[in-house]
Amino acid sequence: MGSSLLRRQRLLDLLPRIYTAQPADSAVGAVIAGMAGMLARLDGDMTRVLHDRWSALATAQRPDEADSALERLGHMLQVYRLPPRLMVQGQQEDEFGLHLRFASGRHLDDALRDLLGVGWSSADAESHARGLALLGEVFSGLRFDHVAFDETLHVSLLGEDAAPLARFRTLLLPEGGEAYRQRLRLSAPLLTGGMTTPRALLALAIADLGAEPSLAMRRHGDTLTAQAMPLGTRKRCRHCAGTDPLAPCVAASEILFEARLTDNPVLDQEHNEPAPRLRRTFNVHNASLLADRPILRLTATQRPIAYPAIQSRSTGEIALFAGTLKPGETLHLYPDAERLDLPAYDSEGRADHHRWLQSYPEGRAIVTAVGRPERDVSSDIFYLWGNRFDDMASRFGGGAGEALRCGVLDQAVRTPQLVSGDNALMLLTFAKPDAEFAGAGDTTHLSVFAGLNEKDGTRFALIDGDLAHSDQSFLSLLLQSLTQTDTSGEDEGDSAAKPPLALQLEWVARPPATFRLRIPKSAWVIEAELRGAVALMRQDIERARAAGVRALIDFPVPPYRERQDSEALPPKLQAHQTNRELNEPGEAHLAITARQPLADTQALDEGRLVFGGVLDATPLDWSRLQ
């Protein structure tokens, strides 16, 4: 390649014959020979420059070099070296500890505010003391002292172990040369190659956190899982290198953390209407690939609300509560799964969605209030569905003895579906606005309940559990009231159109064009976050994602587990037997109550509550349980 004769021969092969036919000693031949010589010298110069550059890239950064060749290459590829997390102007160490001097007190406040992620202000004594205490919690084993408006932070050891101080010193140093070289080698091809596959995004995230991705990734349904290994593991493990996925992993005990990428993840959605208007549609947007039936929570705030209902103008479905909500009461409606594709919501091979269906497959409806026991009103929930109740072409009844047409009327705990896109919903009530509902202790009241043939009064007071089997005239009365609901005009009255209600809808969705990157927090991830690698990873994922695709990144904390030692805090046992003075085990079942200072609230939609306990087989002295 470097020979001028070889260059001349290649030029002759490329040039037209009119030039190549000329003799070597001619003017044209001299020009061709000169061009070949220039190309040979240029090739030699480029080879020498490349050798010099790659030699510099293969060596570590010299102490007197401000910008190494490796960093210059990283700048070309837009993969930058992590700077020190704390930029100090000077530092000094003596027998009392480490003293960090910043450019000014403001620079110190900004640096610590960025490190802790909370407000830090030297001017506020409470914020200043809280920040110093939080520093001591993040870096256990160290003590931090700082005088307000001073530019020096004093760090000292609390014990003899010097490891905490060495851990804190890593914040004062830039990213290591070898760590930066490995990260550049792994992330540069992904960022410059335009790869947006799940495998490429997982590899990029793991590389940014200072680890090496194992190429033997595994998929569980909609989720791809990758393991993060120490740098250099793929050189000695065929399983992690991907050359032999069936071979056993020789570094299985060295896993640093796991990263999971889920396509179209299952997300919780919520919609609140603090003051909905009756007979006025409001829009609920469901950004999901699937339809779902939402959990409904309806609260009466000021006065009783009789027979409230919610109607979907998009699907024609209605959910009706045949009862009255008193002020302060909330109706919680957990629907069944009729016409829902529940397996499509399974994520990572687990069905941890719609948790209430595990305990109540048919759904459940309860009414709660502060200071009152909850009431099960599942039998008072009715589901109505037709083509469109306000459609002129729909027929819901006919002559004598003719059954209901084009509609469904069931006693079922079921809410209207939220389809993909926009959903027009509307709240209804089926009682006169001026009707009063008497309490249990009232002897005189103004409640008016209408019969079947009457025109005035609270018409739906007779709805009961046999409504679905009622005669045609009663169903016609109900559907006639639904079809006569006015939705076009604007009611200026406060009693009818502005009821004291609050509505909340909760459902799950699989949003399109979305992926979620989930990395559980471990000791390695926490250290990477202190170095600033987590912020770098978020930036790189944002650069690497495809246009129009939303990226969700979270770091869930592992479940907190604590073993309760009975010797440190012995449980209090209480034996109780109904209508018995003597507590004898042979007479009936013994109820044992364990009282511990720990408490947890179990919501209905969280699934089945499981309480496990282990009882010792030691015989009990029943005479002491008195």
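Residues numbered from 1 in each chain as written. Predicted model: local features only at pLDDT ≥ 70, side-chain atom pairs only at ≥ 80, totals over all residues. Heavy atoms only, no water.

**A closer look at the pattern of salt bridges**
In this structure the tally under the stated criterion is 29 salt bridges. In this structure, Glu 254 engages Arg 236 in a salt bridge whose closest nitrogen and oxygen atoms are separated by 2.7 Å. Of this pair, Glu 254 sits in the loop between α11 (238-241) and β8 (257-263) while Arg 236 is found in helix α10 (residues 233-236), placing the two residues 18 residues apart along the sequence. Among the residues examined, Glu 254 registers a relative accessible area of 30% and is labelled partly exposed. Given the relative accessible area of 46%, Arg 236 is considered partly exposed. Among the ionic pairs, Arg 518 bridges to Asp 554, the shortest N-O distance being 2.9 Å. With a gap of 36 residues between them, Arg 518 in strand β23 (residues 514-518) and Asp 554 in strand β24 (residues 550-554) connect regions that are remote in the sequence. Through salt bridges with shared partners, one network takes in Arg 218, Glu 258, Arg 260, Glu 348, Arg 350 and Asp 352. (Salt bridge = Lys/Arg side-chain N within 4 Å of Asp/Glu carboxyl O. Helix = DSSP H or I, 4+ residues; strand = E, 2+ residues; numbered from the N terminus. Buried < 20%, exposed > 50% of the residue type's maximum accessible area, 1.4 Å probe, protein only.)

**Digging into the environment of Asp 94**
Topologically, Asp 94 is positioned in strand β1 (residues 90-94). Along the sequence, Asp 94 and Ser 156 sit 62 residues apart, while their C-alpha atoms lie 9.8 Å from each other. A polar contact is formed between the side chain of Asp 94 and the backbone nitrogen of Phe 96, at a distance of 2.9 Å. At 3.0 Å, the side chain of Asp 94 forms a polar contact with the side chain of His 99. (Polar contact = N/O pair within 3.5 Å; in protein donor to acceptor, adjacent residues only side chain to side chain.)

**Things to note about the confidence of the model for the chain**
Chain-level statistics for the chain give a pLDDT mean of 75 and a share of 71% at 70 or above. The secondary structure element of the chain with the lowest average pLDDT is strand β25 (residues 572-576), at 52, and the one with the highest is strand β16 (residues 330-334), at 94. Predicted confidence is poor over residues 399-405, with pLDDT under 50, and the contacts of this stretch with residues over four places away or in other chains come to nine contacts. Confidence over residues 614-618 falls short of pLDDT 50; this stretch has zero contacts with residues more than four positions distant or in other chains. (pLDDT = per-residue confidence, 0-100. Contact = heavy atoms within 4.5 Å.)

**Considerations on the pairing of strand β10 (residues 282-286)**
Residue alternation in β10 divides its side chains into a buried set, Phe 282, Val 284 and Asn 286, and an unburied set, Asn 283 and His 285. Looking at chain direction, β10 and strand β21 (residues 421-429) are connected through five bridges and run antiparallel. Its bridge partner lying in β21, Asn 283 is registered against Ala 424. (Pairing = 2+ DSSP bridges.)

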